[in-house]
Amino acid sequence: MTLSKPTRAVPKRGQKLKSAGRSRYLRSEGRWGLLMVSPYLIHFIVFVAGPLLVSLYFSFSDYDMLTPPQWIGTENYNKLFNEPLFWKSLWNTIYFAILFVPLQTILALVLAVMLNQKLKGLKWFRMAHFIPVISSWTVILYVADAIFNPRFGFANSLLVKWGLEPQQWLNSENWVIPLLVIIAVWKGIGYIMVLFLAGLQNVPNELYEAAEMDGAGTLRKFRSITVPLISPTTFLVIILSTISTFQAFEQIYVMTGGGDIAAAGGPRDSSLVLMLYLYREGFSFLHMGYASAIAWVLFVILFSLTLVQMKLQNRWVHYN
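Residues numbered from 1 in each chain as written. Predicted model: local features only at pLDDT ≥ 70, side-chain atom pairs only at ≥ 80, totals over all residues. Heavy atoms only, no water.

K.L.:
What is the right way to read the overall build of the chain from this model?
P.N.:
In terms of regular secondary structure, the chain is built from 13 helices and two strands. On C-alpha atoms alone, the chain measures out to a radius of gyration of 28 Å, which is more than a quarter above the 20 Å that the 2.2 N^0.38 rule sets for 320 residues. Within the span of the chain, comprising 320 residues, buried residues form 36% of the whole. At a minimum sequence separation of 6, the contacts of the chain that also span at least 24 residues come to 66%. Only carbon and sulfur atoms are counted for the fraction: they give 66% of the accessible area of the chain, which is about 20700 Å². Of the charged side chains in the chain, 26 are positive and 16 negative; the average position of the first set lies 23 Å away from that of the second. (Helix = DSSP H or I, 4+ residues; strand = E, 2+ residues; numbered from the N terminus. Rg over C-alpha atoms; globule rule 2.2 N^0.38 Å. Buried < 20%, exposed > 50% of the residue type's maximum accessible area, 1.4 Å probe, protein only. Contact = heavy atoms within 4.5 Å. Areas by Shrake-Rupley, 256 points an atom, 1.4 Å probe, with all protein chains shown as cover. Lys, Arg positive; Asp, Glu negative; His and termini not counted. Charge placed at Lys NZ, Arg CZ, Asp CG, Glu CD.)

K.L.:
How do you make sense of a nonpolar patch on the surface when you look at a structure like this?
P.N.:
Taken together, the side chains of Trp32, Leu34, Leu35, Met36, Val37, Tyr40, Leu41, Ile42, Phe44, Ile45, Val46 and Phe47 define a hydrophobic patch exposed on the protein surface, amounting to about 1300 Å² of accessible area. Structurally, Val37 is set in helix 1 (residues 13-58). (Patch = residues over 30% accessible without salt bridge, like charges linked within 9 Å, V, L, I, M, F, W, Y side chains within 5 Å. Salt bridge = Lys/Arg side-chain N within 4 Å of Asp/Glu carboxyl O.)

K.L.:
I keep staring at the nonpolar core and nothing clicks. Help me out?
P.N.:
Side chains of a nonpolar character, in soluble globular proteins, are inclined to be buried together. Counting 65 residues, the largest nonpolar core has Phe196 and Leu276 as its most contacted members. With 15 residues, helix 7 (residues 176-200) is the largest single contributor of residues to this core. Excluding its chain neighbours within four sequence positions, the residues that come into contact with Phe196 are Thr105, Ala108, Leu109, Ala112, Ile230, Thr233, Thr234 and Val237. (Core = buried A, V, L, I, M, F, W, Y, C linked by side-chain atoms within 4.5 Å.)

K.L.:
What should I look at first to understand the environment of Phe125 in this one?
P.N.:
As for its placement among the helices and strands, Phe125 is situated in helix 4 (residues 122-134). On the accessibility criterion, Phe125 (46% relative accessible area) is partly exposed. In sequence terms Phe125 and Asp269 are 144 residues apart; their C-alpha atoms lie 38 Å from each other. Aside from chain neighbours lying at most four places away, what touches Phe125 is Leu115 and Lys120.

K.L.:
What am I meant to see in the side chain of Gln251 here?
P.N.:
Examined against the element boundaries, Gln251 turns out to sit in helix 11 (residues 250-257). When its relative accessible area of 11% is taken as the criterion, Gln251 is described as buried. Those residues in contact with Gln251 that sit more than four places away from it in its chain are Phe96, Trp137, Leu180 and Ala184.

K.L.:
Please clarify how helix 5 (residues 137-148) should be interpreted in this entry.
P.N.:
Along an α-helix, residues three or four apart share an orientation, since each turn contains 3.6 residues. With twelve residues, helix 5 should cover 16 Å at 1.5 Å per step; its first-to-last C-alpha distance of 15 Å lies within 8% of that length. Trp137, Ile140, Ala144 and Phe148 are the residues of helix 5 that are buried. Down the axis of helix 5, the smallest arc covering the buried residues is 50 degrees, so these residues share one side. Residues of helix 5 that are buried sit in contact with helix 4, helix 6 (154-161), helix 7 and helix 11. (Expected span 1.5 Å × (residues − 1). Arc of directions from axis to C-beta.)

K.L.:
Where do I start with the pattern of salt bridges in this structure?
P.N.:
Close approach of charged atoms allows side chains with opposite charge to pair. Per the counting criterion, the structure on display carries three salt bridges. With its nearest N and O atoms 2.4 Å apart, the salt bridge here joins Arg268 to Glu173. Within this pair, whereas Arg268 is found in the loop between helix 11 and helix 12 (274-284), its partner Glu173 is found in the loop between helix 6 and helix 7, the two being separated by 95 residues in sequence. Among the residues examined, Arg268 registers a relative accessible area of 63% and is labelled exposed. Glu173 sits in the partly exposed class, given a relative accessible area of 36%.

K.L.:
Whenever I open this one, the side chain of Asn149 confuses me. Can you help?
P.N.:
Tracing the backbone through its elements, the reader meets Asn149 in the loop between helix 5 and helix 6. Of note is the side chain of Asn149, whose polar atom sits 2.9 Å from the backbone nitrogen of Arg151. Aside from chain neighbours lying at most four places away, what touches Asn149 is Ala144 and Asn156. (Polar contact = N/O pair within 3.5 Å; in protein donor to acceptor, adjacent residues only side chain to side chain.)

See the structure below:
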């Protein structure tokens, strides 16, 4: 008994032409697609990937922007991890984040819930809370100085009126970070409020109506319906707030230095954060290789924190 060989189906002429035409179309579409995204690719290569690789090389080099970089291996990192000022700036940054992230998140959520009601003139209230977001830090400096100036500020006037001792505020090592947090929250809370408003307006009203029929009060509805359903927005807010605290520079530079990089971060480096330390080393002292090492350590810290937050989101973030 002989077994016949399997026969392979021979495509017809029309099928060949159709397949070839489709292949040419896909190649043509791919070329057009590549052409359309080429501006972004060029921008990414020139302004993102290129500088990242160059800064990584600089972090292993002795470079002062005036002479060619000299390869020194891990010396910048060894110096960094043995520098007390680096650890102090890292602690100041963590302290700033511990105060800033929960405070801004909670206050912005409360404010968004209040402004999510049907009230007369609601748009004006929303706009009023968003004005500090679009204001420059120079304007915020003048407002903060009018409140917290040690000599003629409004805060000390109130303390004296109440029979209390006036404070040095931004000139005090104990008060400088908390006050910077309060000012930063006041400036940025409007943006976070808008994010929460978008999340709140996506919560179906039917759920609140059903909860009311079951006898749930305002607090119970907020805890059992609002908080779980806006948890993706809350997660986004925490990520953005954490990144912004580790990148905090302008507000501390303006508020503590008044434009003078040598004075910024005071008093006695009690408000010196990582970004300010990086800027001072790189552009004031021209230690660009050392500053690049700080930048990459900051990147690793932020990347690790984001990974941890992404991992923990499964425990409390609820997606519809």
